[in-house]
Amino acid sequence: MKFHMRPFQDESDYWSIRNFLREVFLLNDRLEHSWHVGRLDHWRWHFIQTCQLTPPVEQVTTLWETGDGRIAAVLHPICHDEIRIHIHPHFRTPELEDEILTYAEQHHFDYLPSGQRILYSPVFSEDTLRQQVQQQRGFGKRPGWAHHWRRDLNQPLPPVPATPGYLIRSMGAESEHSARSWASWRAFHAEEPDENYDPDFTWYHNIQSAPLYRRDLDIVAATPQGQIAAFCTLSYDDYTRSAICELVGTAAEYWRLGLGKAVMLEGFHRLRHLGCTRVFATATEEPADYLYGSVFTTFQVTETWTKTW
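S.K.: Even after reading the chapter, I still don't get the pattern of salt bridges, so can you show me in this structure?
M.R.: For side chains of opposite charge, pairing can occur when their charged atoms come near one another. The final tally for this structure, using the stated rule, is 22 salt bridges. Of the charged contacts in the structure, one is a salt bridge between arginine 6 and glutamate 65, with a shortest N-O distance of 2.9 Å. With arginine 6 in strand β1 (residues 4-7) and glutamate 65 in strand β2 (residues 62-65), the pair connects residues that are 59 residues apart, well separated along the chain. Take arginine 6: its relative accessible area is 10%, and that puts it in the buried class.

S.K.: Explain empty space enclosed by the protein here, please?
M.R.: Which parts of space are left empty comes out when a probe the size of a water molecule is rolled across the atoms. Under the definition given, this model contains 1 cavity of 30 Å³ or more. Approximately 120 Å³ is the volume attributed to the largest cavity. Forming the walls of the largest cavity are Gly38, Asp41, His42, His46, Ile207, Ala210, Leu212, Tyr213, Thr233, Ser235, Glu246 and Leu247. Looking at the lining of the largest cavity, the elements that each hand over two or more residues are α2 (37-48), β11 (228-237) and β12 (242-250).

S.K.: How should I be thinking about the pairing of strand β13 (residues 278-283) in this particular structure?
M.R.: Put simply, side chains in a regular strand alternate between the two faces of the sheet. Burial of β13 is extensive: 5 of the 6 residues sit out of reach of the surface. Where strand β8 (residues 140-152) and β13 come together, 6 bridges link them in antiparallel fashion. Looking at the pairing, arginine 151 lines up with valine 279 of β13. Judged from the 3 bridges that link them, β12 and β13 form a sheet pairing that is parallel. Bridge pairing in β13 places alanine 243 opposite valine 279.

S.K.: Would you mind showing me how to read the nonpolar core here?
M.R.: Membership of the largest hydrophobic core comes to 31 residues, with the highest contact counts inside it found for Leu234, Cys245, Met264, Phe268, Leu271, Val279 and Phe296. Elements represented by at least two residues in this core include exactly β10 (218-222), β11, β12, α8 (259-274) and β13. Per-element accounting of this core gives the leading share, 7 residues, to α8. With near-sequence residues (within four places) excluded, leucine 271 lies in contact with Leu153, Leu217, Leu234, Tyr236, Ala243, Cys276 and Val279.

S.K.: Sorry if this is basic, but what is going on with the packing of helix α4 (residues 94-107) against helix α5 (residues 128-136) here?
M.R.: When two helices pack together, their arrangement is given by the angle between the helix axes and by the axis-to-axis distance. Across the interface, α4 lies against α5 with an axial gap of 10 Å and an inter-helix angle of 50°. It follows that α4 is oblique to α5 by the angle criterion. Of the two possible hands of crossing, α4 and α5 adopt the one that is right-handed. Every residue of α5 that contacts α4 at Pro94, Glu97, Asp98 and Leu101 is listed here: Leu129, Arg130, Val133 and Gln134. A breakdown of the residues in the contact of α4 with α5 according to their chemical character gives 4 nonpolar, 1 polar and 3 charged.

S.K.: Hey, could you run me through the environment of glycine 67 in this one?
M.R.: Assignment of secondary structure puts glycine 67 in the loop between β2 and β3 (71-79). Once the C-alpha coordinates of glycine 67 and phenylalanine 3 are considered, the two residues, 64 residues apart in sequence, prove to be 6.8 Å apart.

S.K.: Could you clarify how one ought to interpret the side chain of aspartate 127 in this entry?
M.R.: Its place among the elements puts aspartate 127 in the loop between β7 (123-124) and α5. Separated by 3.2 Å, the side chain of aspartate 127 and the backbone nitrogen of arginine 130 make a polar contact.

S.K.: Can you help me understand the environment of threonine 306 in this one?
M.R.: Positionally, threonine 306 belongs in strand β14 (residues 298-308). Setting aside residues up to four positions removed in sequence, threonine 306 forms contacts with Leu119, Tyr120, Gly138, Phe139, Gly140 and Arg142. A polar contact is formed between the side chain of threonine 306 and the side chain of arginine 142, at a distance of 3.2 Å.

S.K.: Is there a simple way to explain the side chain of serine 181 in this structure?
M.R.: Tracing the chain through its elements places serine 181 in helix α6 (residues 177-188). The contacts of serine 181, once residues within four sequence positions are left out, are Tyr197, Phe201 and Trp203.

Parameters at a glance
- Residues numbered from 1 in each chain as written.
- Predicted model: local features only at pLDDT ≥ 70, side-chain atom pairs only at ≥ 80, totals over all residues.
- Heavy atoms only, no water.
- Salt bridge = Lys/Arg side-chain N within 4 Å of Asp/Glu carboxyl O.
- Helix = DSSP H or I, 4+ residues; strand = E, 2+ residues; numbered from the N terminus.
- Buried < 20%, exposed > 50% of the residue type's maximum accessible area, 1.4 Å probe, protein only.
- 1 Å grid on protein atoms, 1.4 Å probe; cavity = no way out; pocket = protein on both sides within 12 Å on 5 of 7 lines; lining within 4 Å.
- Points joined across faces, edges and corners; volume = space filled by probe spheres on them.
- Pairing = 2+ DSSP bridges.
- Core = buried A, V, L, I, M, F, W, Y, C linked by side-chain atoms within 4.5 Å.
- Contact = heavy atoms within 4.5 Å.
- Axes fitted to C-alpha atoms, helices over the stretch in contact; angles between N-to-C directions.
- Parallel < 35°, antiparallel > 145°, perpendicular 65-115°, else oblique.
- Left-handed = near helix turned anticlockwise from the far one by under 90°.
- Nonpolar A, V, L, I, M, F, W, Y, C, P; charged D, E, K, R; others polar.
- Polar contact = N/O pair within 3.5 Å; in protein donor to acceptor, adjacent residues only side chain to side chain.

So, in structure tokens, the structure goes:
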């Protein structure tokens, strides 16, 4: 089958892609062979708007369509030299994979200090089709992994552990954004000097602007003085009855108190009450992997594939 390739055209394309991802997710038995719709939103409202890891969505997103206008595949970078490919399972062939990779090599590469070009394309360890196509195109496996954890919430769920001295609750109003921003800094930049901290917390407005954001699923562990010690922000898609954990962390001075596990399990219980039956999180570093292994039940592995030329 021949497909028509075209660039992202207008805002309606974004909402069409969101619905496409939902359809694909269900056809793939709710496994993350393509992104959960919440990951697309997080990419747009956080990776692009706040972190500025890529240009705007409309400048870096490409669609492949059938003759009657149905989306068959979507390509975009998650950052400037690492791509994500989403393909409808009914249209997935080695030929379409090859065509998409050819385009990616032309538009989404970066330069190494040596002057060579480089492109990253992580692949699930069981995805032999994509591995074969990438190998034929000169890609090879490099050190690096990601664990894509999941848990089915229609199975028994542990209780939320007790956290003496800390209140597990929903994120507060805008007056609490500064404390939430500082907790994020201490969770993810603990080894940096505090003078590097940017007190501008408007990035959190972007998080709250994402379509699936709900304050009752933005869980924090707070001290009696109002300091935020840990946090877990979940995005729930009721169409697929599934959710993702996108922002999970504990401020360094509160590590090893069980607060990360507590806020996650509180979120899982709230999700189940809303009708969610599966929740996901992705770990690329050992501390996150250890935490997720304590609350999730199974995972898939993506391996790092790169091409240099």
